[in-house]
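Coordinate inspection notes
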Amino acid sequence: MTSSTASTVLVPGTHLMVGLLGSRDNYLRLIEQTFPDAAIVVRGNEVTISGPSAATVVRLFEELVLLLETGETIDEAVLR
C-alpha cells in the first residue's frame, strides 16, 4: 500500500489562473493527460495535487507560476 499525500500550490492573484490553466482549461487537461496518476483539483487560486507523481506536478505548477509572475506567457510549447 502506497501512502499519498496532497500538496497545494497557491497561485497569487486570480488573474494568473487563466494563464496557468489555459483557455477553457486546455493547459490543465494537457498536464492531466501527461501525468495520469496525479489527481489535480483546482479551487479558486489553489491547485491541490495528490498521487504518485504529485511532487513532479507540484514543481511544474510552481515553475509555471514563476514564469507568469515574471510576465512570460505559457503556451503548449512551453508545457511540452
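Residues numbered from 1 in each chain as written. Predicted model: local features only at pLDDT ≥ 70, side-chain atom pairs only at ≥ 80, totals over all residues. Heavy atoms only, no water.

Under the defined criterion, the tally for this structure stands at two salt bridges. With its nearest N and O atoms 3.0 Å apart, the salt bridge here joins Glu63 to Arg59. Within this pair, Glu63 and its partner Arg59 are both found in helix H3 (residues 54–69), separated by four residues, close to a single helical turn. Taking the relative accessible area as the measure of exposure, Glu63 reaches 38% and is therefore partly exposed. For Arg80, the salt bridge identified is with Glu76, shortest N-O distance 3.5 Å. With a relative accessible area of 40%, Glu76 lands in the partly exposed category. (Salt bridge = Lys/Arg side-chain N within 4 Å of Asp/Glu carboxyl O. Helix = DSSP H or I, 4+ residues; strand = E, 2+ residues; numbered from the N terminus. Buried < 20%, exposed > 50% of the residue type's maximum accessible area, 1.4 Å probe, protein only.)

Right, let's talk about the pairing of strand E2 (residues 39–43) for a bit. Moving residue by residue along a regular strand, the side chains alternate between the two faces of the sheet. Pairing analysis gives five bridges linking E2 to strand E3 (residues 46–50), with the strands arranged antiparallel. Of the residues in E3, the one forming a bridge with Ile40 is Ile49. (Pairing = 2+ DSSP bridges.)

Of all hydrophobic cores here, the largest spans 24 residues; its most connected members are Leu20, Ile31, Ile40, Val47, Ile49, Val57 and Phe61. Of all the secondary-structure elements, those providing two or more residues to this core are helix H1 (15–21), helix H2 (26–34), E3 and H3. When residues of this core are assigned to their parent elements, the largest contribution, seven residues, is made by H3. (Core = buried A, V, L, I, M, F, W, Y, C linked by side-chain atoms within 4.5 Å.)

This is a description of form; function is not addressed.
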